[in-house]
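# A closer look at the structure
Residues per chain are reported as follows:
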Amino acid sequence: MNYDTQMLSSSEEDIDKAAELLKKGMVVGIPTETVYGLAADALNTEAVALIFKAKGRPQDNPLIVHIGELSDIYKYVTEVPENALKLADAFWPGPLTMVMPKKDIIPMVTSGGLDTVGIRFPVHPAAREIIKRSGCPLAAPSANLSGSPSPTTAMHVFKDMNGRIPAIVDGGDCAVGVESTVVSFDKDGKVRLLRPGFVSLEDIKSIVGDNNALCAKGVTEKISDGERVLSPGMKYKHYSPKANVTILCGGMDKFTGYVSAHNGEGVCSMIFDSDADGFPFEYITYGDTSEEQARRLFSVLRSIDDMGAVQVYARCPDQTGVGLAVYNRLLRAAGFEVVNL
Ligand code: AMP
Ligand code: MG
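Analysis parameters
- Residues numbered from 1 in each chain as written.
- Chains lettered and ligands numbered in written order.
- Predicted model: local features only at pLDDT ≥ 70, side-chain atom pairs only at ≥ 80, totals over all residues.
- Heavy atoms only, no water.
- Core = buried A, V, L, I, M, F, W, Y, C linked by side-chain atoms within 4.5 Å.
- Buried < 20%, exposed > 50% of the residue type's maximum accessible area, 1.4 Å probe, protein only.
- Helix = DSSP H or I, 4+ residues; strand = E, 2+ residues; numbered from the N terminus.
- Contact = heavy atoms within 4.5 Å.
- Polar contact = N/O pair within 3.5 Å; in protein donor to acceptor, adjacent residues only side chain to side chain.
- Pairing = 2+ DSSP bridges.
- Near = heavy atom within 4 Å.
- Areas by Shrake-Rupley, 256 points an atom, 1.4 Å probe, with all protein chains shown as cover.
- Nonpolar A, V, L, I, M, F, W, Y, C, P; charged D, E, K, R; others polar.

## Brief notes about the nonpolar core
With 48 residues, the main nonpolar core has Leu 87, Trp 92, Met 98, Met 100, Ile 119, Val 183 and Ile 204 as its most contacted residues. For this core, the leading source of residues is helix 2 (residues 45–55), giving five residues. Ile 204 has contacts with Leu 87, Phe 91, Thr 181, Val 183, Val 191, Leu 193, Val 199, Gly 209 and Ala 213, leaving out every residue within four places of it along the chain. Formed by 30 residues, the second largest nonpolar core is a distinct cluster that contains Ile 247, Met 270, Phe 272 and Cys 316.

## A short note on the side chain of Arg 57
On the secondary structure map, Arg 57 appears in the loop between helix 2 and strand 4 (64–66). In terms of polar contacts, Arg 57 uses its side chain to reach the backbone carbonyl oxygen of Asn 61, at 3.2 Å. Those residues in contact with Arg 57 that lie beyond four places of it in its chain are Phe 52, Pro 62, Leu 63, Pro 141 and Ser 146.

## Overview of unusual backbone geometry
The peptide bond linking Trp 92 to Pro 93 adopts the cis configuration, its omega dihedral lying at -5 degrees. As for its position among the elements, Pro 93 is in the loop between helix 4 (82–91) and strand 5 (96–101).

## What about the pairing of strand 5?
Counting buried positions along strand 5 gives five out of six residues, so the element sits mostly inside the fold. By the bridge criterion, five bridges tie strand 5 to strand 6 (residues 116–120) in an arrangement that is antiparallel. By the bridge assignment for strand 6, Thr 97 is matched with Arg 120.

## Quick notes on the site of ligand 1
The immediate surroundings of ligand 1 are formed by 17 residues, with Asn 61, Thr 116, Pro 141, Arg 195 and Ser 231 found nearest. Within the contact set of ligand 1, an oxygen atom lies 2.6 Å away from a side-chain nitrogen or oxygen of Asn 61. A distance of 3.0 Å separates an oxygen atom of ligand 1 from a polar side-chain atom of Arg 195. Out of a free accessible area of 500 Å², ligand 1 has 95% covered by protein chains. If one sorts the elements of the shell around ligand 1 by residue count, strand 6 sits on top with three residues. Among the residues forming the shell around ligand 1, the class breakdown is nine nonpolar, six polar and two charged.

The structure is reproduced here in structure tokens:
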């Protein structure tokens, strides 16, 4: 791995260059509406192995396969549950991944050794064009080094992947900012939320009915060592800045009091925009609405490293709608360290 990493634009010509690299079995950083992805031909075992190598990702953590048309699911999945079709109809193309039983054409290295595969049909125009022109389904995990915050700009990808991959396509800042919602289907057809995202549990229930969607253990609770997980990604520490992150749950007065008592060199507070006026300690803000917090979270976590912070106290986000995705990512960044004020 010693590439002279090329920055490509989203021009027709550059998208063709990216597609050519993918056809040759190379790895390319690509924009999507969620976060930037590290893409390779999902059906080419050697290309997929290069993704794991570039990221330093554990081999048992499966990759999501990105398709260019809804009907492509039938090429890669043996059985499409009725609720999957309903969700596809409502949310595809878009930030939703559905885990279903895989056909043999999907190599085990792509599915992390599982007999299921996570499929997503992205909406980002550059991502769609790259899939179309490469002519292959693209395995694409987030384009960060394993463990660090996911990239939401091409520059984030460059910082992590410079020299490790041949090219990155710049498609602007990601509109969603957190990774896709991941669901699987229970034997009785019920939808199980494995990872919250922009498509919320409430959105899913509005399509399949309140009693037909459940949240998996691990979304907001810590999975103990050795416990079986439905989704391998749940057990890994994730999204972490170098600083220690602690989530503080409670009102702003109590938050300020806690920080005052624990203040010192290298302490930084991560607060809402509307909290900032008159806040007396070092801080960074991460938005007010859940959508804004989702969009800015990873960028803020990266800035915290740039600031050289050693301890971060974060205001606890709302946990409904898209807020559940923000809370889920922040919990992992904090290694589940939460203080109830
Ligand atoms: P990333 O590619 O970094 O966005 O992570 C993808 C995540 O999706 C993995 O860490 C898993 O948690 C989940 N996932 C992908 N494929 C499957 C699958 N076949 N079964 C369960 N979870 C999956
Ligand atoms: Mg990731």
